[in-house]
Amino acid sequence: MTIQRVASKWAKTKILLKNKGLASYVPPTREYTFEALQDMLSTYTLVYIKPDRGTYGIGVMSVEQFHPPTTDPTETPAASYKLRYEQETRVFTSVESLHKTLSTLFQNQQYLIQQGINLLHYKGHPFDLRVLTQKSPSGQWVSTGIIGRVAAKNKIITNHHSGGTVKHYKPLMLEHMTAQEAENIRKELNTLGVNVASQLQKSYPNLKEIGLDVAIDERWSIWILEVNTKPALFPFKKFFKDPSIYKQVKKYASAYGRNLSSKKKAKKTG
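Residues numbered from 1 in each chain as written. Predicted model: local features only at pLDDT ≥ 70, side-chain atom pairs only at ≥ 80, totals over all residues. Heavy atoms only, no water.

Engineer: Explain the overall build of the chain to me, please; I cannot follow it from the model alone.
Structural biologist: Broken down by element type, the chain carries nine helices and twelve strands. Against the 2.2 N^0.38 benchmark of 18 Å for 270 residues, the chain shows a C-alpha radius of gyration of 20 Å, consistent with a compact globule. Pairs at least 24 apart in sequence give 59% of the contacts found in the chain among residues at least 6 apart. For the chain, the accessible area works out to roughly 14400 Å², and carbon and sulfur atoms hold 49% of it. When the 39 basic and 21 acidic side-chain charges of the chain are each reduced to a single mean position, those positions are 15 Å apart. (Helix = DSSP H or I, 4+ residues; strand = E, 2+ residues; numbered from the N terminus. Rg over C-alpha atoms; globule rule 2.2 N^0.38 Å. Contact = heavy atoms within 4.5 Å. Areas by Shrake-Rupley, 256 points an atom, 1.4 Å probe, with all protein chains shown as cover. Lys, Arg positive; Asp, Glu negative; His and termini not counted. Charge placed at Lys NZ, Arg CZ, Asp CG, Glu CD.)

Next up, the structure:
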């Protein structure tokens, strides 16, 4: 049984934007060009720049616009730009010099530029959420779980492979809202996962599972950061004390043909 995978983030974004109900969840996103960089930085103080094709947060960068302090209260200093990637932080005094460095870092890969979202924090660290949505054995889309991902110290991404920590949804949200408010957002996220999967399936009929990465901002608005068509399932086994959650995840995955033991077998056979 074929499980369809879609590598291009831009291809998936364009499909979501065709749906008016989903488009409102997508932060302004464009293919990277110098003109796009200029336009986005003239509108937003924070943008993220990420490879169109890639996993584990590799290659993701952020640019924050700021104005250096001045001793003259009548003077408005020109904007500077703080670029962060991996463990590096560099400051540029012009968009032109920033673009020149970015072009070198891209290494001829296609990149996207997206409005940055000011994430909610957990114990001082930003976090986002991963909504897992799967095809059930009866062929219906079902959101089977939500996990939180908390960024490591001084990291701009929350991914586990970059030092991020997986946390349960509820304690992350309860630092900011009541249990009922958190439950209302959970329901909206579950519905959003189903709607995103259904929209993508119109173009990719053999889609069987998605990992929907979402941000919650300080106003509790929900933003779709990107969609992964080969989501990691191990966090639902490793980090959830309730075995019934992973049992359902595994049941659905097995029904649509995902072999969860293939990596283990490969390791044994060397």
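Engineer: Looking at this structure, how should I read helix H6 (residues 179–201)?
Structural biologist: In an α-helix, one full turn covers 3.6 residues, which means residues spaced three or four apart are oriented alike. Over its 23 residues, H6 runs 33 Å from end to end, which matches the ideal 33 Å to within 8%, given 1.5 Å per residue. Listed as buried for H6 are Ala 182, Ile 185, Leu 189, Leu 192, Gly 193, Val 196, Ala 197, Gln 199 and Leu 200. (Expected span 1.5 Å × (residues − 1). Buried < 20%, exposed > 50% of the residue type's maximum accessible area, 1.4 Å probe, protein only.)

Engineer: How should the packing of helix H1 (residues 9–17) against H6 be read in this particular structure?
Structural biologist: Axes are the key here: two packed helices are described by the angle between their axes and the distance separating the axes. Where H1 contacts H6, the two axes come as close as 9 Å, and the packing angle between them is 105°. By the angle between their axes, H1 is roughly perpendicular relative to H6. Taken together, the residues of H6 that come into contact with H1 (itself represented by Lys 12, Ile 15 and Leu 16) are Val 196, Gln 199 and Leu 200. (Axes fitted to C-alpha atoms, helices over the stretch in contact; angles between N-to-C directions. Parallel < 35°, antiparallel > 145°, perpendicular 65-115°, else oblique.)

Engineer: Would you explain the pattern of salt bridges in this entry?
Structural biologist: Working definition: two side chains of opposite charge can pair if their charged atoms are close together. Throughout the structure, instances matching the rule amount to eight salt bridges. With its nearest N and O atoms 3.2 Å apart, the salt bridge here joins Arg 30 to Asp 39. One salt bridge connects Arg 130 with Asp 213, and the closest N-O pair in it is separated by 2.4 Å. Of this pair, Arg 130 sits in strand E8 (residues 125–135) while Asp 213 is found in strand E11 (residues 209–216), placing the two residues 83 residues apart along the sequence. Judged on exposure class, the residue Arg 130 and its partner Asp 213 are both buried. (Salt bridge = Lys/Arg side-chain N within 4 Å of Asp/Glu carboxyl O.)

Engineer: Could you clarify how one ought to interpret the nonpolar core in this entry?
Structural biologist: As a rule of thumb, soluble globular proteins bury nonpolar side chains together. Formed by 34 residues in total, the largest nonpolar core has its most connected members in Leu 129, Leu 189, Leu 192, Val 196, Leu 212 and Ile 224. Elements supplying a minimum of two residues to this core: H1, E8, strand E9 (141–150), helix H5 (169–174), H6, E11 and strand E12 (222–228). If one sorts the elements of this core by residue count, H6 sits on top with seven residues. When sequence neighbours within four positions are dropped, the list of residues in contact with Leu 189 reads Leu 129, Val 131, Ser 143, Ile 146, Tyr 169, Val 214 and Ile 222. (Core = buried A, V, L, I, M, F, W, Y, C linked by side-chain atoms within 4.5 Å.)

Engineer: Got a minute to help me understand the sheet that holds strand E2 (residues 46–51) in this structure?
Structural biologist: In any sheet, the strands associate via hydrogen bonds between backbone groups, in a parallel or an antiparallel arrangement. Taking strand neighbours across the sheet as the criterion, the six strands line up as E1-E6-E2-E3-E4-E5 in an open arrangement whose pairing is antiparallel. Both edges of this open sheet fall to strand E1 (29–31) and strand E5 (88–92), since each of them pairs with a single strand only. Strand-to-strand twist across the sheet, computed as the mean angle between neighbouring axes with direction ignored, equals 20°. Pairing analysis gives five bridges linking E2 to strand E6 (residues 111–115), with the strands arranged antiparallel. (Pairing = 2+ DSSP bridges.)

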